[in-house]
Amino acid sequence: QVQLVESGGGLVQAGGSLRLSCVASRIGFAINTMAWYRQAPGKERELVARITNGAGTNYGDSVKGRFTISRDNAKNTVNLQMDNLKPEDTAVYYCYMNTWASSYWGQGTQVTVSS
């Protein structure tokens, strides 16, 4: 059974940094897209950042210039470096990966930014 396990969430003051990581286990196939989404209370889940297997990236407008996504294909890992965090970045962050066969979600990790 495929598992995506996230780590690195927590509480940070505005202007601070956090680094999220997500490791996939037993995925079996080459991973195409890796991404991070987030969902704040009362809001829909939104794309934060996405990276393809060719290392092409795109970011949500609200995080451009502050967040950086990266991946390590040998370790089936995707990372999200979050700098200059703002209170509006507070949300549950979800890891996402897909292969030709299916797509997978992590369980989510809470990020809270205090003002």
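Fair warning: this is a prediction, and the values are worked out from it, not measured in the lab.

Novice: Tell me about the packing of aromatic side chains, and name the residues and values.
Specialist: Going through the model one piece at a time under the given rule, you end up with 4 aromatic pairs. Judged by centre distance (5.3 Å) and plane angle (75°), the rings of Phe29 and Trp100 are edge-to-face. Here the residue Phe29 occupies a position in the loop between strand S3 (18-25) and strand S4 (34-39), and Trp100 occupies one in the loop between strand S9 (91-98) and strand S10 (103-105), the gap between them amounting to 71 residues. Note on Phe29: relative accessible area 41%, which makes it partly exposed. Grouping aromatic residues by their ring pairs yields a cluster made of Tyr37, Tyr96 and Trp105. Directly above the ring of Tyr94 sits Arg45, whose terminal nitrogen or CZ lies 3.8 Å from the centroid. Lying across the ring of Trp105, Arg45 places its NZ or CZ 4.7 Å from the centre.

Novice: Mind laying out the state of the cysteines, listing which residues take part and the relevant values?
Specialist: What is meant by a disulfide is a covalent connection between two cysteines, made through their sulfur atoms. Scanning all chains against the criterion turns up 1 disulfide. Here Cys22 is linked by a disulfide to Cys95, with a sulfur-sulfur distance of 2.1 Å. The sign of the -85° torsion about the S-S bond sets the Cys22-Cys95 disulfide as left-handed. Taken together, the positions of Cys22 in strand S3 and Cys95 in strand S9 put the pair 73 residues apart, joining distant regions of the chain.

Novice: Help me get a handle on the pattern of salt bridges, residues and values and all.
Specialist: Counted by the stated rule, this structure contains 4 salt bridges. The partner of Arg66 in a salt bridge is Asp89, and the shortest N-O contact between them spans 2.8 Å. Here Asp89 lies in the loop between strand S8 (77-82) and S9 and Arg66 lies in the loop between strand S6 (57-59) and strand S7 (67-72), a separation of 23 residues in the sequence. Accessibility expressed as a relative area gives 0% for Asp89, which makes it buried. Taken together, the shared-partner salt bridges in this structure form one network comprising Arg38, Glu46, Arg66 and Asp89.

Procedures and definitions
- Residue positions are counted from 1 within each chain, in the order its sequence is given.
- Since the coordinates come from a predicted model, pLDDT governs what is reported: local features require at least 70, and pairs of side-chain atoms require 80 or more to be given and counted, while whole-chain, interface and lining totals use all residues.
- The side-chain quantities take in all heavy atoms of the structure and omit both hydrogens and water.
- In this scheme Phe, Tyr and Trp rings, the latter by its six-membered ring, pair at centre separations within 6.5 Å, and the angle between planes marks the pair as stacked below 30 degrees, edge-to-face above 60, and tilted otherwise.
- In this text, helices come from DSSP runs of H or I with a minimum length of four residues, and strands from runs of E with a minimum of two, each type numbered from the N-terminal end.
- For the exposure calls, accessible area comes from a 1.4 Å probe over protein chains only, and a residue counts as buried if that area is under 20% of its type's maximum, exposed if over 50%, partly exposed in between.
- Over a ring means this: the NZ of a Lys or the CZ of an Arg is within 6 Å of the ring centre and within 35 degrees of the ring normal.
- Counting rule for disulfides: a pair of cysteine sulfur atoms within 2.5 Å.
- Basic side-chain nitrogens of Lys or Arg form a salt bridge, by our definition, when they fall within 4 Å of a carboxyl oxygen of Asp or Glu.

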